[in-house]
Amino acid sequence: MGGNVGQAGIHTYQSLDEDGPSDAGKPPKRSTGRLVMHSMAMFGREFCYAVEAAYVTPVLLSVGLPKSLYSLVWLLSPVLGFLLQPVVGSVSDHCQSRWGRRRPYILSLAIMMLLGMTLYLNGDAVVSALVTNPRRKLVWAITITMMGVVLFDFAADFIDGPIKAYLFDVCSHQDKERGLHYHALFTGIGGALGYLLGAIDWAQLELGRVLGTEFQVMYFFSTLLLSVCITIHLCSIPEAPLGDAAEDSRLEQTLQYPLLSSVKVSEHGSIEKVSNSHASLELAGGKRNSAAEQTQGAMTMKSLLRALGSMPPHYRYLCISHLIGWTAFLSNMLFFTDFMGQIVYGGNPYSPHNSTEFLIYQRGVEVGCWGLCINSVFSSLYSYFQKMLLSYVGLKGLYFMGYLLFGLGTGFIGLFPNIYSTLVLCVLFGVMSSTLYMVPFNLIAEYHREEEEEKEATRKGPDSSERGKGVDCAALTSMVQLAQILVGSVLGFLVNMAGSVVVVVITASTVSLIGCCFVALFVRYVD
């Protein structure tokens, strides 16, 4: 430590746990157990997502939601998320909570998810118990259920950004890669478990009879699992606070060693030791106010838009490629069960509910759910194999291969619909899912590492006006909401024009192949 005095730009990470020794400027190596605990949030989030995918349509139909309000339900949440995601990312970059920058937002969003599930899975039952007037009962049931769906989608989409930023803040580059692989692995496992539990006929089991309906059974499992997973996640890797603790440490160091050094927190949550041979008590006393002023300035909308506008071109190209990928993926996934029921099985959802055509359609939807389960399982398996493939084909090869296989697979399904080939090709959905959850964030981590190395080489200290990792992660994840907006506003029109759901699968294939060319030609990969 004595040899570092007087050398500007040298970082020493102050760990809040003892995972192992750390080099200067780097967080300590995180154990596999810590990274698995951190991934539990993705497991719980995806489980709840799968439950929503399986039950939200039956819930909305059961409360009598008019078809004219369907687009409002599906578009309101992504519109809010797309507009507010970067704002929350910027605010979390400058959060001075003693608990860390990201974890307060993760906990708040998890509570919002629980509240959303409570409203959309139990709203109808609560309203039925409290309201007797049939007309008022219908209005209140629709209102509460819609509020629950929008709130859950909003929070579940939002929470991904702080989780990724949390990982990036507290891990070295190697551990970031490992952590992202575990995120993708447990995302697939959570989705598969959610779809499997959703496929069980709980009305025939004792637990279903005790809790009342299958909606209450899934609410019980979802709230229990999400609560446990978020608790484990928040206890996984402590964060170094950006605010009071770091400022107190800096003031204490300045008072004790005014002629040697002062301590300040870098933008990465580590403790930066910088030369300050002329440090004085006046400077130490003024640091607290100036830091607060910089934080408040950095969180204004004007400075946020400036930061996003100054984003380097390779960040923007990565966001565009992420938008293309999610547009293709959601185009297929949101309509897949309907495609199975109408096109592959030849059923008719508009026939009377006791007709053969409607029963065939229902059977196709059930098989489609098993296809989505296959997608989730293979997404987990592929996230494991990605570790081995990475050393051979690199991130560019993984990115290109994910888009290419998904584009070819969905194209084949659309042109030659068949029960068995469609289920087999669902494994390619898992390839795309794992690619979207892992590769873009690995590239963001590579870009951040490159920028940090450049700062160290030029001896440049952190600038409060620079984009933080939270903004970059939020900008990338907000592309998911923009993709939902595009899919929700365009695909319905295309289906009405074509008169068939096949156009959805063909559109997904076309967009994915376009994205395949984009990731090969425009996305920058760090050597």
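Residues numbered from 1 in each chain as written. Predicted model: local features only at pLDDT ≥ 70, side-chain atom pairs only at ≥ 80, totals over all residues. Heavy atoms only, no water.

### Remarks on the overall build of the protein chain
Within the protein chain one finds 17 helices and three strands. The buried share among the 527 residues of the protein chain stands at 51%. For the protein chain, contacts bridging at least 24 residues in sequence account for 80% of all contacts bridging at least 6. (Helix = DSSP H or I, 4+ residues; strand = E, 2+ residues; numbered from the N terminus. Buried < 20%, exposed > 50% of the residue type's maximum accessible area, 1.4 Å probe, protein only. Contact = heavy atoms within 4.5 Å.)

### Details of helix 17 (residues 502-521)
Note: α-helices contain 3.6 residues per turn, so residues at a spacing of three or four share the same orientation. Given a rise of 1.5 Å per residue, 20 residues ought to cover 28 Å, and the 29 Å separating the end C-alpha atoms of helix 17 matches this to within 8%. Of all the positions in helix 17, only Val 504, Val 505, Ala 508, Ser 509, Val 511, Ser 512, Gly 515, Cys 516, Phe 518 and Val 519 are classed as buried. (Expected span 1.5 Å × (residues − 1).)

### A few points about the confidence of the model for the protein chain
A residue-level look at the protein chain finds 78% of positions with pLDDT of 70 or above and a mean pLDDT of 78. The least confident element of the protein chain is strand 1 (residues 10-12), whose mean pLDDT is 37; the most confident is helix 17, at 94. Scored below 50 in pLDDT, residues 1-18 shows 45 contacts in the model against residues more than four places distant or in partner chains. Segment residues 251-300: pLDDT under 50, and 94 contacts once partners within four positions in sequence are set aside and those in other chains are kept. (pLDDT = per-residue confidence, 0-100.)

### Focus: the state of the cysteines
A disulfide bridge is the covalent bond that connects two cysteines by way of their sulfur atoms. In the structure shown here, the tally under the stated rule is zero disulfides. Cys 373 carries a free sulfur, and the closest cysteine sulfur to it, the one in Cys 369, is 9.5 Å from it. Take Cys 517: it sits in no disulfide, and the sulfur closest to it among the cysteines is that of Cys 516, at 5.7 Å. You can call Cys 517 partly exposed: its relative accessible area is 47%. (Disulfide = S-S within 2.5 Å.)

### What about the packing of helix 3 (residues 103-130) against helix 4 (residues 134-158)?
Two numbers describe how helix 3 lies on helix 4: the axes approach to 7 Å, and their chain directions differ by 160 degrees. It follows that helix 3 is roughly antiparallel to helix 4 by the angle criterion. Handedness of the crossing formed by helix 3 with helix 4: left-handed. Split into classes, the residues belonging to the contact of helix 3 with helix 4 amount to 19 nonpolar, five polar and two charged. (Axes fitted to C-alpha atoms, helices over the stretch in contact; angles between N-to-C directions. Parallel < 35°, antiparallel > 145°, perpendicular 65-115°, else oblique. Left-handed = near helix turned anticlockwise from the far one by under 90°. Nonpolar A, V, L, I, M, F, W, Y, C, P; charged D, E, K, R; others polar.)

### Some words on the packing of aromatic side chains
In this description, a pair of aromatic rings is defined by centroid distance and the angle of the planes. One pass over the full model with this rule turns up 18 aromatic pairs. Between Phe 358 and Tyr 361, the ring centres sit 6.4 Å apart and the planes meet at 35 degrees, which makes this aromatic pair tilted. With a gap of three residues between them, Phe 358 and Tyr 361 both fall in helix 14 (residues 356-415), about one helical turn apart. Exposure class is identical for Phe 358 and Tyr 361. Each is buried. A ring pair is formed by Tyr 384 and Phe 385, whose centres lie 5.9 Å apart and whose planes are at 75 degrees; its orientation type is edge-to-face. For Phe 385, a relative accessible area of 41% gives the class partly exposed. The structure contains a cluster of three or more aromatic residues connected by ring pairs, namely Trp 326, Phe 329, Phe 336, Phe 406, Phe 429 and Tyr 437. (Phe/Tyr/Trp six-rings, centres within 6.5 Å; stacked < 30°, edge-to-face > 60°.)

### Notes on the environment of Phe 168
With respect to the helices, strands and loops of the structure, Phe 168 is situated in helix 5 (residues 160-170). Exposure remark for Phe 168: the relative accessible area of 0% places this residue in the buried category. Considering only alpha carbons, one finds Phe 168 and Lys 469, 301 residues apart in sequence, at a separation of 7.5 Å.

### Structural notes on a nonpolar patch on the surface
Judged by side-chain polarity, Leu 72, Leu 76, Val 79, Leu 80, Leu 83 and Leu 84 come together as a nonpolar surface patch covering roughly 460 Å² of accessible area. Among the structural elements, Leu 84 can be located in helix 2 (residues 70-93). Among the residues examined, Leu 84 registers a relative accessible area of 37% and is labelled partly exposed. (Patch = residues over 30% accessible without salt bridge, like charges linked within 9 Å, V, L, I, M, F, W, Y side chains within 5 Å. Areas by Shrake-Rupley, 256 points an atom, 1.4 Å probe, with all protein chains shown as cover. Salt bridge = Lys/Arg side-chain N within 4 Å of Asp/Glu carboxyl O.)

### Observations concerning the environment of Val 480
Within the secondary structure layout, Val 480 lies in helix 16 (residues 469-498). The class of Val 480 is buried, set by a relative accessible area of 13%. In sequence terms Val 480 and Thr 327 are 153 residues apart; their C-alpha atoms lie 7.8 Å from each other. Not counting chain neighbours up to four residues away, the residues in contact with Val 480 comprise His 322, Trp 326 and Leu 330.

### Brief notes about the pattern of salt bridges
Enumeration over the complete set of coordinates arrives at nine salt bridges. Between Arg 178 and Asp 175 there is a salt bridge; the shortest N-O distance is 2.8 Å. Taken together, the residues Arg 178 and Asp 175, both in helix 6 (residues 173-198) and three residues apart, mark about one turn of the helix. Of the charged contacts in the structure, one is a salt bridge between Arg 449 and Glu 446, with a shortest N-O distance of 2.9 Å. Here Glu 446 and Arg 449 lie together in helix 15 (residues 419-458), a separation of three residues that amounts to about one turn. Through salt bridges that share partners, Arg 101, Arg 102 and Asp 169 make up one connected network.

### Considering helix 4
In a regular helix each residue adds 1.5 Å, so 25 residues correspond to 36 Å; helix 4 covers 36 Å between its end C-alpha atoms and thus fits that length. In this structure Asn 133 caps helix 4, since a side-chain oxygen of it lies 3.0 Å from the backbone nitrogen of Arg 135. (Polar contact = N/O pair within 3.5 Å; in protein donor to acceptor, adjacent residues only side chain to side chain.)

### Overview of the packing of helix 13 (residues 336-344) against helix 15
Relative orientation of the contacting elements helix 13 and helix 15 amounts to 165 degrees, with a least axis distance of 12 Å. By the criterion of interaxial angle, the relationship of helix 13 to helix 15 is roughly antiparallel. Crossing of helix 13 over helix 15 shows right-handed handedness. Together, Phe 336, Met 340 and Val 344 of helix 13 and Ile 419, Thr 422, Cys 426 and Phe 429 of helix 15 make up the contact between the two elements. Broken down by class, the residue content of the contact of helix 13 with helix 15 amounts to six nonpolar, one polar and no charged.

### So, the environment of Phe 429
Checked against the element boundaries, Phe 429 lands in helix 15. Beyond its immediate chain neighbours, meaning those up to four positions away, Phe 429 contacts Phe 329, Asn 332, Met 333, Phe 336, Asn 375, Phe 406, Thr 410 and Ile 413.

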